[in-house]
Number of protein chains: 2
Amino acid sequence: MRPISAYFPILDWGRSYDRSTLVSDLVAAVIVTIMLIPQSLAYALLAGLPAQVGLYASIAPLIAYAIFGTSRTLAVGPVAVISLMTATAASQVAAQGSAEYVAAALILALLSGLILTGMGILRLGFLANLLSHPVVSGFITASGIIIALSQLKHILGIRASGETLPEMLRTLAENVGAVNPLTLVVGVTSLAFLFWVRKGLKPLLLRAGLKPRNADLLAKTGPVFAVAVAIIAVVAFNLDQRGVAVVGAIPTGLPPLTVPLLDVGLWQSLLVPAVLISVIGFVESVSVAQTLAAKRRQRIDPDQELIGLGTSNLGAAFTGGYPVTGGFARSVVNFDAGAETPAAGAYTAMGIAAAALFLTPLLFYLPIAVLAATIIVAVLSLVHFDQFREIWRYSKSDFAAMAGTVFVTLLMGVEAGVITGVGVSLALYLWRASRPHAAIVGLVPGTEHFRNVLRHKVQTEPGVITLRVDEGLTFINARWLEEKVLELVAADPSLRHFILMCSAVNEIDASALESLEAINHRLGDAGVEFHLSEVKGPVMDRLERSDLLKQLTGRVFLSQYEAFRQLAGN
Amino acid sequence: MRPISAYFPILDWGRSYDRSTLVSDLVAAVIVTIMLIPQSLAYALLAGLPAQVGLYASIAPLIAYAIFGTSRTLAVGPVAVISLMTATAASQVAAQGSAEYVAAALILALLSGLILTGMGILRLGFLANLLSHPVVSGFITASGIIIALSQLKHILGIRASGETLPEMLRTLAENVGAVNPLTLVVGVTSLAFLFWVRKGLKPLLLRAGLKPRNADLLAKTGPVFAVAVAIIAVVAFNLDQRGVAVVGAIPTGLPPLTVPLLDVGLWQSLLVPAVLISVIGFVESVSVAQTLAAKRRQRIDPDQELIGLGTSNLGAAFTGGYPVTGGFARSVVNFDAGAETPAAGAYTAMGIAAAALFLTPLLFYLPIAVLAATIIVAVLSLVHFDQFREIWRYSKSDFAAMAGTVFVTLLMGVEAGVITGVGVSLALYLWRASRPHAAIVGLVPGTEHFRNVLRHKVQTEPGVITLRVDEGLTFINARWLEEKVLELVAADPSLRHFILMCSAVNEIDASALESLEAINHRLGDAGVEFHLSEVKGPVMDRLERSDLLKQLTGRVFLSQYEAFRQLAGN
């Protein structure tokens, strides 16, 4: 049993919290808050939710993570891919803009919170392994493209819809005649400015004499300048009355307490999407957290991370938010700005709460095109085409899994994409696992070593075959083993001794045991003795609890050399 | 590409077919036919279908298998577990006794035929590995119990229903007052006779001077005596007018040509059951076929077996049958009776066709209680409780998978049982695979060998850690590797060199490559050099196509000894 205190990492780092840590955390919190305000509004809109939901999802979840999370620097909140997945799932059960849609987002956060927390308590973090790296990066790239395209309508000031590439392109093409020129100017200007902030601002700041780290951090707050300038422009030129869509009234105040709707039918139809949101969110978040922790030689505990992210989502569910996870860009900013403990996240939450209380009236005139531009710039950094070439060069089967994920995500949507990716990686893995590495071996003359007969000049004996299997024997490859042995026996009518060399066999499960018993009987029926050699200690201990050794037609040899020497010529 | 002829094993054995083979096959076919007539009627009733459907399912499928199958002695036809699964699936979409129910059975045969044939052409036989031995035997045991219980109502002459243990016990208990005494006498007498035939007849025949093999075969035809005597008793004492249920009119004639209903909704709802029927049928059949083939040093080809069983089911679908597979008991009889080629199956088909043409009027008075007794005796031989103890002793995780399968099958039905079994085995497998065997190693003094520091007295160097991983590195364990390395680095502040010893690593997939790159960067950030040692040739060839070697902060050493010698003291 884990001690209860292990579930509260705050008890660990909280004990040594002092004034200097406080100052570092506060500085980081201010910078992350400035960065997070436009981001959280933008991602809420991407999720099809009212803008304030993004702020609400950046308060309670951050506090929950500060208590339960194990990363010192992970910044939790709304992120692009999870927002897209929320939009996809919620719009399957309700119309965007309806109260049911907002309720569906709360249920997704609740289910996701329960799933993640449950997996953490049961220590099921290993299940995230089902998502291979190529599948995840293919999925993120494809989602990035879909997200960027989904925001194009806001830049153009037209209507468009759809969750797949063909639908989006079709609806964009149908409405492209209705482009609003002023919106287009605002959108393109913002895009250009934000891209320049990414590439051009930092060198400028460096030349102005700033230290590299400060130049970096200042450049990251670029979107806030875009937001401020755009608001002033809208007010100065009455752009909102000339067709430029603005955010409009955002309710002022702290997040409401919300109780997710108890509707069994709705819960059931949102369960699969919630599982996918949980797993994708967890995988992304853990890899960010691990990267940052390693830089300071710190550790995170993936199972406790599940609890941290789970409670964050529960926090979102009960305070009017929607599914959240650890974000890449903001965590890096948090880290670079000097955050030392998860308390920085709690201070960020206070900053966002202050914004929700006092800043929302100022955001009325914020053009949606500017938020769309911040999303596009953020997600295009997730799109990596070069990885396709790299993975193709490295492994064709991994490439197949990645390409399948990308195509299905683009053509059939995010949920089908993730499921395809997991299915393909798992099938390829099981296919490889069901054909373990193995070799017929012979004696290297003048030594006691045995090597693959196909690669080395080795000595063999007529009537004796030695098969070395280089993996544990389990139900995945048990059937392969039976077939392999029978094939070898059927091919050699003069065979009298079959030796299974177990030097690399770390495990024999009950299925493999039954296969070995079957092989023993079948070889016996065919007049061939079945021997084992170099069985490892723990494996042998187990075999001694079975009937195999009693029934064995042959013998168990400590060394392969001994087996070969004794059976040759018999 | 496989040559087309490989899809027709008949072209192989057919070439050397001669008179002596013909005689052997004919003798076997006669014995199997006698055994199969009551069995096929009984299993059709178990599947909830009219009795003649069992005969029809024992004609065309046997001919298809004779053409496409690779086992010389496998006897195909209706079997107990598949009949139960058919009943479960069909009664979810139609009422037993209705035309839709029979149509559903045809669709199941068709889907199962398409699935098996498709898997065979795509060479997906390895997917059957998802069913571990303990899961299959747990499932068979639980199904045997359910089948035996489902027949109890026929022995008692009462009504009862249900697909799970609790339902069956409840309905039996409710109706036990209505027992028909004459039916009970017929049923219990048949049961007693059939059990005696199994245990007591063979010794008697041996004492009467028969050879053991002939005594065995004669004992196997016992059910036919029971059937004959029961029919005579019914006619002599008018039992059918005194409450003993009989089979009644069976249409006379060859199987009808049937075209399965083209109803998309029905196909969809029968798809999952058809997959389960296909996989369970395939796994059972292949293991019987392998056991028998090995006795004569013959081989079967599992992928071609899929095609053999697939075409058998297609045959059943178009000739008024229902799902079929290779049966254990009848294949053993076929083998013992001397069948030499699959032609014996085709001759058996002719025997059954003759029975359908001429024998059905005689079967009118056959008591259903006798058929129920043959089923009970047959399936109770599938129930093995001793395996529970054996598997518990050998492996707790395999036991968990088996016990889960048994309980869910008994309490929630056959489909839930199979799915649970596969899910649990796969989860346990992935759990183990995600934590590969690995050890910190040190130098055995006076040698160039490295061994586990926990088990051997070995020499280590401060500031240098060597981790040996004993499995291929793939996405399943990539995350584990990252965590393991970071844990070791975080625990040793004086660390300067980390060596990953790859002597047992046969594979590094794209996910593991990315993990190695991440480890390399993270260790670099933490001021630790990352080295590889003893990388195998094919793995190294691949790594050279990646960026890892260029970015590596440390070096690649051919031997671990060289790595240790050069890094120690640096």
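Criteria and cut-off values
Residues numbered from 1 in each chain as written. Chains lettered and ligands numbered in written order. Predicted model: local features only at pLDDT ≥ 70, side-chain atom pairs only at ≥ 80, totals over all residues. Heavy atoms only, no water. Phe/Tyr/Trp six-rings, centres within 6.5 Å; stacked < 30°, edge-to-face > 60°. Helix = DSSP H or I, 4+ residues; strand = E, 2+ residues; numbered from the N terminus. Buried < 20%, exposed > 50% of the residue type's maximum accessible area, 1.4 Å probe, protein only. Expected span 1.5 Å × (residues − 1). Polar contact = N/O pair within 3.5 Å; in protein donor to acceptor, adjacent residues only side chain to side chain. Contact = heavy atoms within 4.5 Å. Buried area = accessible area lost by both parts, 1.4 Å probe. Salt bridge = Lys/Arg side-chain N within 4 Å of Asp/Glu carboxyl O. Domains from an automatic or database assignment. UniProt positions renumbered as here; feature names shortened; annotations may be inferred. Lys, Arg positive; Asp, Glu negative; His and termini not counted. Pairing = 2+ DSSP bridges. Core = buried A, V, L, I, M, F, W, Y, C linked by side-chain atoms within 4.5 Å. Axes fitted to C-alpha atoms, helices over the stretch in contact; angles between N-to-C directions. Parallel < 35°, antiparallel > 145°, perpendicular 65-115°, else oblique. Left-handed = near helix turned anticlockwise from the far one by under 90°. Nonpolar A, V, L, I, M, F, W, Y, C, P; charged D, E, K, R; others polar.

Draft legend 1. Just the packing of aromatic side chains, in detail. A full pass over the atoms with the stated rule returns 20 aromatic pairs over all chains. Taking 5.4 Å as the distance between ring centres and 70 degrees as the angle between the ring planes, the aromatic pair formed by Phe450 of chain A and Phe564 of chain A counts as edge-to-face. Taken as a pair, Phe450 of chain A in strand β4 (residues 450-452) and Phe564 of chain A in helix α24 (residues 560-567) lie far apart in primary sequence, 114 residues in all. For Phe450 of chain A, a relative accessible area of 5% gives the class buried. Phe564 of chain A sits in the buried class, given a relative accessible area of 8%. Summarising the aromatic geometry, the rings of Phe364 of chain B and Tyr365 of chain B are spaced 4.9 Å apart at their centres and angled 65 degrees between planes, so their arrangement reads as edge-to-face.

Draft legend 2. Geometry of helix α13 (residues 302-318) of chain B. All names here are of chain B. Between its first and last C-alpha atoms α13 spans 24 Å; for 17 residues at 1.5 Å apiece the expected length is 24 Å, and the two agree. A large share of α13 lies buried, amounting to 15 of its 17 residues. Its side-chain oxygen placed 3.0 Å from the backbone nitrogen of Asp303, Asp301 serves as the N-cap of α13. Positive phi shows up at Gly320, right after α13, with a value of about 70 degrees.

Draft legend 3. Up close: the interface of chain A and chain B. With 69 residues of chain A in contact, the opposing surface of chain B contributes 69 residues. Looking only at chain A, the three residues that lose the most surface to chain B are Arg297, Tyr394 and Arg479 of chain A, adding up to 15% of its buried area. Inspection of the region where chain A meets chain B yields 2 salt bridges. A salt bridge links Glu507 of chain B to Arg432 of chain A, with the shortest nitrogen-to-oxygen separation between them at 2.8 Å.

Draft legend 4. Layout of the domain arrangement of chain A. On domain assignment, one finds that chain A holds domain 1 (18-427) and domain 2 (438-567). Averaged C-alpha coordinates put domain 1 of chain A and domain 2 of chain A at centres separated by 55 Å.

Draft legend 5. Up close: the UniProt feature "domain: STAS" (unreviewed entry) in chain A. Annotation from UniProt places "domain: STAS" (unreviewed entry) at residues 454-567 of chain A. Secondary structure content for residues 454-567 of chain A is 46% helix and 16% strand, while the C-alpha to C-alpha distance between its ends is 22 Å.

Draft legend 6. Highlighting the side chain of Arg479 of chain A. Assignment of secondary structure puts Arg479 of chain A in helix α20 (residues 475-491). One buried charged residue, Arg479 of chain A, remains without a salt bridge, the closest side chain of opposite sign being Glu482 of chain A at 5.6 Å. Residues contacting Arg479 of chain A, with those up to four places away along its chain left out, are Ala128, Asn129, Leu131 and Val283 of chain B.

Draft legend 7. Local environment of the pairing of strand β5 (residues 464-469) of chain A. All names here are of chain A. For β5, the buried fraction is high: 6 of the 6 residues fall into the buried class. Note that strand β3 (residues 438-443) and β5 share 3 bridges and pair antiparallel. What sits directly across from Ala438, in β5, is Val469. In this sheet, strand β6 (residues 497-501) lies alongside β5 in parallel orientation, the contact comprising 5 bridges.

Draft legend 8. Spotlight on helix α21 (residues 510-525) of chain A. Residues and elements named next belong to chain A. With 16 residues, α21 extends 22 Å between its outermost C-alpha atoms, agreeing within 8% with the 22 Å of an ideal straight helix rising 1.5 Å per residue. Along α21, the residues classified as buried are Ala510, Ser511, Ala512, Leu513, Ser515, Leu516, Glu517, Ala518, Ile519, Asn520, Arg522 and Leu523. Positive backbone phi, at 75 degrees, marks Gly527, one or two positions downstream of α21.

Draft legend 9. Focus on the nonpolar core. Membership of the largest hydrophobic core comes to 164 residues, with the highest contact counts inside it found for Leu481, Phe498, Leu500 and Ile508 of chain A together with Met85 of chain B. Looking at which element gives the most residues to this core, the answer is helix α12 (residues 264-295) of chain B, with 13 residues. Contacts of Leu500 of chain A, omitting those with residues within four sequence positions, involve Leu467, Val469, Leu473, Leu481, Leu516, Phe530, His531, Leu532 and Ser533 of chain A.

Draft legend 10. Looking closely at the pattern of salt bridges. Residue and element names in this part refer to chain A. Under the definition given, this model contains 15 salt bridges over all chains. Where Arg170 meets Glu174, a salt bridge forms, and the shortest distance between an N and an O atom there is 3.0 Å. Of this pair, Arg170 and Glu174 both sit in helix α8 (residues 165-175), separated by 4 residues, roughly a single helical turn. Taking relative accessible area as the criterion, Glu174 reaches 53% and is therefore assigned exposed. A single salt-bridge network, built from bridges that share partners, covers Arg123, Asp301 and Asp303.

Draft legend 11. Spotlight on the environment of Leu266 of chain B. Residues and elements named next belong to chain B. Considering the arrangement of structural elements, one finds Leu266 in helix α12. Of the residues examined, Leu266 reaches a relative accessible area of 17% and is grouped as buried. Distance from Leu266 to Val93, taken between C-alpha atoms, is 7.6 Å for residues 173 residues apart in sequence. If we ignore the near neighbours within four places in the chain, the residues touching Leu266 are Val93, Ile107 and Leu261.

Draft legend 12. Summary view of the sheet that holds β3 of chain A. Residues and elements named next belong to chain A. As summarised here, the arrangement of the 6 strands in space is β4-β3-β5-β6-β7-β8, forming an open sheet in which the pairing is mixed. Edge positions in the open sheet fall to β4 and β8 (556-557), since each of these has one partner strand only. Sitting on the sheet, α21 is in contact with β6 and β7 (529-533), with an inclination near 140 degrees to β7. Across the sheet, α24 lies against β3, β4, β5, β6, β7 and β8, angled at about 175 degrees from β6, the strand it touches most.

Draft legend 13. Structural detail: the packing of helix α18 (residues 396-412) of chain B against helix α19 (residues 414-433) of chain B. Residues and elements named next belong to chain B. Running from N to C, α18 and α19 cross one another at 160 degrees; their axes reach a closest spacing of 7 Å. Viewed along their axes, α18 and α19 adopt a mutual orientation that is roughly antiparallel. Every pair of crossing elements has a handedness; the one defined by α18 and α19 is right-handed. For the pair formed by α18 and α19, the contact residues are Ser397, Ala401, Gly404, Thr405, Val408, Thr409 and Met412 on the first element and Val414, Ala416, Gly417, Thr420, Gly421, Val424, Ser425, Leu428 and Arg432 on the second. Tallied by class, the residues present in the contact of α18 with α19 amount to 7 nonpolar, 8 polar and 1 charged.

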